[in-house]
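Residue-level structural notes
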Amino acid sequence: MERSHTSLRRGWTTGSCATAAARAAWGGLCGPGFPDPVTITLPGGQHVAFALAAHGYEGDSAWAEVVKDAGDDPDVTHGAHVRATVRHAPPGSGVVFRAGEGVGTVTLPGLPLPPGEPAINPVPRHMIRTALSAVSGYEPDVEVTVSIPGGQDMARHTLNGRLGIVGGLSVLGTTGIVVPFSCAAWIDSIHRGVDVARALGLRHVAGCTGDVSERATQALYGLPPEAMLEMGDFAGGLLKYLRRHPVDHITVAGGVAKMTKLAQGFLDLHSRRGQADMGRVADLARAQGATAGVVADIARSHSVAAAFALAIEAGVPLGPVVARAAWQTACDVLAGADCMLDVLLFDRAGQMVARHGPHPVTR
């Protein structure tokens, strides 16, 4: 039996793990030794303890490692070793951050960190500063290098490359806690993708549900990689952010099934959030002149793809009306944004089934 989300075990972010490793290493360098377990304070005030996987000294530095436990979340970094190496820095330096093996470097504008900085996000940086200050009684002058061995390979399964973060993973976390299946990290990556595109001065972005629609849309418009936003199922997460941070032209593209759900008002397009109403699809076919037999067959279809196949065989133009309805759903979310909007529908082979727009967004 599938476990409910409320019973799923929570885990720890890479930011929490890096903070615990840094505090342990700093204790080993200038305090009473490596604390094990090592306790840190999360942004929400909770005190949590981490066991050390390893620790030691290298020349004038100390290091400690924590194994990331992502709980029951299918996190690509679950089981990764997060290492922090600390050494004294020149007086007045404060806490200086470095990217070690497997931690990326920011190369594009628009992110919370400027190009050239290690991809250790602001909240983890604050957590580390706070943890080191708790050991010293004041903010020390220290160089902190965060490493995640194997992180460069893990990063290939994230959106980091699209965001211009090269060489490895980002050290993330706003609460310090991983909530299973919260999808917060994906939506945050979508938002950062919009920020990067805007910072680069791009005037046209495309949110796509998957690889097929992305490749087809990019080829159609000749868009650069930074304009392509891996929306996945999170149409609402993309469109609501673009309403507040618009660009001149927004394209929403996907396969017929997910775009049909958007047409029916879904903003989360994942199957577990609900299925497309085949009766409503049949009603659209009827309005386009489908015979009673075709309408009945579509209503009984086991999938949207099967319904589209029936409509195509019968010569019923189902795609354009679905594209128009999906456009209206997206337009309603974007209301007030000064931009153009179009919606593209593709089949599994990447052939365009229908298109609506671009038209100006209306209130």
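This text goes with the structure placed above it.
So, a few notes on the structure that sits alongside this text. Since this is a predicted model, take the numbers as computed values, not measurements.

What counts and what doesn't
- Residues numbered from 1 in each chain as written.
- Predicted model: local features only at pLDDT ≥ 70, side-chain atom pairs only at ≥ 80, totals over all residues.
- Heavy atoms only, no water.
- Phe/Tyr/Trp six-rings, centres within 6.5 Å; stacked < 30°, edge-to-face > 60°.
- Lys NZ or Arg CZ within 6 Å of the ring centre and 35° of its normal.
- Pairing = 2+ DSSP bridges.
- Helix = DSSP H or I, 4+ residues; strand = E, 2+ residues; numbered from the N terminus.
- Axes fitted to C-alpha atoms, helices over the stretch in contact; angles between N-to-C directions.
- Contact = heavy atoms within 4.5 Å.
- 1 Å grid on protein atoms, 1.4 Å probe; cavity = no way out; pocket = protein on both sides within 12 Å on 5 of 7 lines; lining within 4 Å.
- Points joined across faces, edges and corners; volume = space filled by probe spheres on them.
- Nonpolar A, V, L, I, M, F, W, Y, C, P; charged D, E, K, R; others polar.

1. Looking at the packing of aromatic side chains
Scanning the model with the defined rule gives 3 aromatic pairs in all. Its end group placed over the ring of Trp-63, Arg-83 keeps NZ or CZ at 3.7 Å from the ring centre. The aromatic ring of Phe-266 is capped on one face by Lys-261, whose charged end is 4.7 Å from the ring centroid.

2. So, the sheet that holds strand S7 (residues 95–99)
One open sheet accounts for 5 strands, arranged S4-S5-S6-S9-S7; its pairing is mixed. Here the strands that pair on one side only, and so sit at the sheet edges, are strand S4 (54–58) and S7. With strand direction ignored, the average angle separating the axes of adjacent strands in the sheet is 20 degrees. Pairing geometry for strand S5 (residues 61–67) and strand S6 (residues 81–88), over 7 bridges, is antiparallel. Bridge pairing in S6 links Ser-61 to Arg-87. Sheet contacts for helix H1 (residues 14–30): S4, S5, S6 and strand S9 (142–147); angle to S6, the most-contacted strand, approximately 40 degrees. Set on the sheet, helix H2 (residues 122–136) makes contact with S7 and S9; between it and S7 the angle comes to about 130 degrees.

3. Concerning empty space enclosed by the protein
Taken as a whole and judged by the stated rule, the model has 1 cavity of 30 Å³ or more. Roughly 50 Å³ of internal volume is contained in the largest cavity. Of all elements in the fold, only helix H4 (184–199) and strand S13 (228–230) reach the threshold of two or more residues within the lining of the largest cavity. Here the residues of the lining of the largest cavity sort into 5 nonpolar, 2 polar and 2 charged.

4. Some words on the sheet that holds strand S12 (residues 204–208)
The strand order across the open sheet formed by 5 strands is S13-S12-S14-S15-S16, and the pairing between neighbours is mixed. Only two strands of the sheet have a single partner each, and these edge strands are S13 and strand S16 (352–360). Across the sheet, the mean angle from the axis of one strand to that of its neighbour is 15 degrees, orientation sign disregarded. Here S12 runs beside S13; their pairing, made up of 3 bridges, is parallel.

5. Overview of the layout of surface pockets
By volume, the second largest pocket amounts to about 350 Å³. Lining of the second largest pocket is provided by 19 residues; of these, Gly-255, Val-256, Phe-346, Asp-347 and Arg-348 occupy positions nearest its centre. Looking at the lining of the second largest pocket, the elements that each hand over two or more residues are helix H5 (211–221), strand S14 (249–255), helix H7 (256–263), helix H10 (304–313) and S16. Per element, the largest residue contribution to the lining of the second largest pocket is 4 residues, and it comes from H10.

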